[in-house]
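Structural characterization, general
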Amino acid sequence: MAGTRILVGVTGGIAAYKTAELVRLLKKAGHSVQVVMTRGAEAFVTPLTFQALSGQPVRTSLLDPEAEAGMGHIELAKWAQRIIVAPASADFMARLAAGMADDLLATVCSAAEVPIALVPAMNQAMWGNHRTQRVVQLLQADPQVRLWGPEEGQQACGDNGPGRMLEPEQIMQALAQEQAQIDNSAGGVLAGKRLVITAGPTREPIDPVRYISNHSSGKMGYAIAIAAHAAGAEVVLVSGPVNLSPPAGINLRSVMTAEQMLETTMAAVDEGCDLFIATAAVADYRPQDYASDKLKKSAAEMTLALVRNPDTLAIVAARADAPFTVGFAAETNDVARHAISKMGKKGLDMIVANDVSVPGLGFNSDNNAVSVFTATDQFHFGPCAKQQIAHELVALIAPRLNARVGDSQNQKGSHQKPQNNADRKPS
Ligand code: CTP
């Protein structure tokens, strides 16, 4: 869900200092953040703090002639894709439940048609008060509003009990969980998209009993294929030889050599492809000649002539109707520099780099740690299970793929399946 426009409302409460960390985490996760503070909030944290963290001017007043000429309350309400009010004071919750629009934040909440998450923070006696609980019941019955928290525990005033605001990390988790539910009910973040993905090693035969290959297990590629399928994509998995079971619901096409991988991938891309991910560890060279009989040893030394294999990823990325392309870069040194250079040379939208010199990660392991680069951004995931990395990557790719499809539809048509052969350029 990276890239969501989130309006963060801050109301009066000592927990407002934690909201600064929340804004930092939201920005770090790739969201656009606009902060609106109530007058009470300004008594605890200055707007300048939130301005510095969000990179946007902070709005504090409903009747601000300067702001109304720019982003007024209606524009703010239309801009926001979701609203998080943290901390949500008893007073703000009561005003919202009553449908009041007596300050900027309450007005924006009245005008917005997006989910509003309230993260309550107040003294335990205030939370338990029967009038507050009546308000809570009203808000719980409001389909636009969700309450995240409060937690029980030690309070700033010294009391112990329910009323503590959730920690910023817990708010991020609640946001991710809710987004996953929305995505699933909408059919998944990749619903309607076709993914072609390569995985595993290739095997380049020398003679009937010998070959050149590498240690790739295919686990990362299979995990991404499974995560993308779970997110609604139709998946074609072009796989080199691996010891993994064919994943359910995925169109598996097995290959052996780099040339077969290219041929099979191009056929799959021709059938229609929105997203191409190359996780395969393709042998860069193959023996120039294949000996149809087993080679016999004779001389003390032997030289094997090798020729370059075609680069499937570069060829797909160079197509006139290229899908959104994601490459992988296994490096042992200068990881970021090599990865960014590969992304540029091959003309990719994104590259996922991992340091294969780290013991216990990457090749043949169940875990990985990766750095992801786009033309403008950089992200890090792990160390964690490859399945977790796969889900993070799908979540990162989906909004960028959708933004690119939207852009290209506006400009020159989509990257969808070509309508006829005339739409296709030879690669
Ligand atoms: N790739 C491909 N076809 C090839 C070679 C690589 O599709 N013949 C893809 C891989 O699946 C991966 C990316 O390209 O997504 C890796 O690029 P590459 O430059 O081959 O990486 P290295 O093999 O690490 O390159 P080098 O040996 O030059 O570091």
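What counts, and at which threshold
- Residues numbered from 1 in each chain as written.
- Predicted model: local features only at pLDDT ≥ 70, side-chain atom pairs only at ≥ 80, totals over all residues.
- Heavy atoms only, no water.
- Helix = DSSP H or I, 4+ residues; strand = E, 2+ residues; numbered from the N terminus.
- Buried < 20%, exposed > 50% of the residue type's maximum accessible area, 1.4 Å probe, protein only.
- Contact = heavy atoms within 4.5 Å.
- Areas by Shrake-Rupley, 256 points an atom, 1.4 Å probe, with all protein chains shown as cover.
- Pairing = 2+ DSSP bridges.
- Axes fitted to C-alpha atoms, helices over the stretch in contact; angles between N-to-C directions.
- Near = heavy atom within 4 Å.
- Polar contact = N/O pair within 3.5 Å; in protein donor to acceptor, adjacent residues only side chain to side chain.
- Salt bridge = Lys/Arg side-chain N within 4 Å of Asp/Glu carboxyl O.
- Core = buried A, V, L, I, M, F, W, Y, C linked by side-chain atoms within 4.5 Å.
- Patch = residues over 30% accessible without salt bridge, like charges linked within 9 Å, V, L, I, M, F, W, Y side chains within 5 Å.
- UniProt positions renumbered as here; feature names shortened; annotations may be inferred.

An unreviewed UniProt entry lists the chain under the name Coenzyme A biosynthesis bifunctional protein CoaBC, with Marinobacter psychrophilus given as the organism.

Along the backbone of the chain there are 15 helices and 19 strands. In terms of overall dimensions, the chain has C-alpha extents of about 90 × 50 × 35 Å along its principal axes. In the chain, buried positions account for 47% of the 427 residues. Of the contacts made within the chain by residues no fewer than 6 positions apart, 67% connect residues no fewer than 24 positions apart. Surface accessibility of the chain: about 20,600 Å² in total, with carbon and sulfur atoms responsible for 51%.

So, on to the sheet that holds strand E17 (residues 350-355). Taking strand neighbours across the sheet as the criterion, the eight strands line up as E12-E11-E8-E13-E16-E17-E18-E19 in an open arrangement whose pairing is mixed. Of all strands in the sheet, those with a lone pairing partner are strand E12 (251-254) and strand E19 (378-385), marking the two edges. The average angle at which neighbouring strand axes cross in this sheet is 15°, direction not considered. Sheet analysis places strand E8 (residues 194-199) next to strand E13 (residues 275-278), joined by four bridges and oriented parallel. By the bridge assignment for E13, Thr198 is matched with Ala278. Here helix H12 (residues 258-270) sits on the sheet in contact with E8, strand E11 (234-239), E12 and E13, set at roughly 175° to E8. Along the sheet, helix H14 (residues 335-346) makes contact with strand E16 (324-331), E17 and strand E18 (367-373), crossing E17 at roughly 150°.

We now examine the site of the ligand. The environment of the ligand is made up of 13 residues, and the closest members are Ala278, Ala280, Phe328, Lys342 and Lys346. With respect to the ligand, the backbone of Thr312 contributes an N or O atom lying 3.2 Å from a nitrogen atom. Residue Lys346 places a side-chain N or O atom 2.8 Å away from an oxygen atom belonging to the ligand. Taken by itself the ligand offers 580 Å² of open surface, and the protein chains cover 74% of this. Among the secondary structure elements, those contributing two or more residues to the shell around the ligand are helix H13 (312-317), E16 and H14.

This brings us to the side chain of Glu331. With respect to the helices, strands and loops of the structure, Glu331 is situated in strand E16. Relative accessible area serves as the criterion here: at 8%, Glu331 is assigned to the buried category. Excluding anything up to four places from it in sequence, Glu331 contacts His338, Ala339, Lys342, Asn354, Asp355, Val356 and Ser357.

As a further point, take unusual backbone geometry. With omega at -5°, the peptide bond leading from Ala86 into Pro87 counts as cis. Relative to the helices and strands, Pro87 resides in strand E3 (residues 82-88). Looking along the chain, the bond that leaves Gly149 and enters Pro150 is cis, with omega of 5°. When you line up the elements, Pro150 lands in the loop between strand E5 (145-147) and strand E6 (151-154). For Asp334, which is not glycine, the phi dihedral falls at a positive 45°. Here Asp334 shows up in the loop between E16 and H14. For Asp334, a relative accessible area of 42% puts it in the partly exposed group.

The next subject is the pattern of salt bridges. Applying the stated rule across the entire model yields 20 salt bridges. A salt bridge links Arg95 to Asp102, with the nearest nitrogen and oxygen atoms 2.7 Å apart. Since its relative accessible area comes to 11%, Arg95 is described here as buried.

Looking now at the nonpolar core. In summary, soluble globular proteins display a tendency toward joint burial of nonpolar side chains. Among the nonpolar cores identified, the biggest contains 35 residues, and Ile277 and Val372 are the most heavily contacted of them. Residue contributions to this core peak at eight residues, all from helix H15 (residues 386-411). Dropping the residues within four chain positions of it, Ile277 is found in contact with Leu195, Val196, Ile197, Thr198, Ile224, Val326, Phe328 and Ile397. The next biggest cluster of nonpolar side chains, apart from the first, holds 29 residues, and it includes Ile6, Val119, Trp148 and Met165.

Attention shifts here to a nonpolar patch on the surface. A surface patch of nonpolar side chains, amounting to about 450 Å² of accessible area, comprises Tyr285, Leu295, Met302, Leu304 and Leu306. Inspection of the secondary structure puts Leu295 in the loop between strand E14 (285-287) and strand E15 (306-308).

Moving on to the UniProt feature "active site" (unreviewed entry) in the chain. The UniProt record annotates "active site" (unreviewed entry) at Cys157. Locating Cys157 in the fold gives a position in the loop between E6 and strand E7 (160-164).

Before going further, it helps to examine the environment of Ala230. Tracing the sequence through the fold places Ala230 in helix H11 (residues 219-230). Taking the relative accessible area as the measure of exposure, Ala230 reaches 51% and is therefore exposed. The spatial distance from the C-alpha of Ala230 to the C-alpha of Gly188 is 7.3 Å, given a sequence separation of 42 residues.

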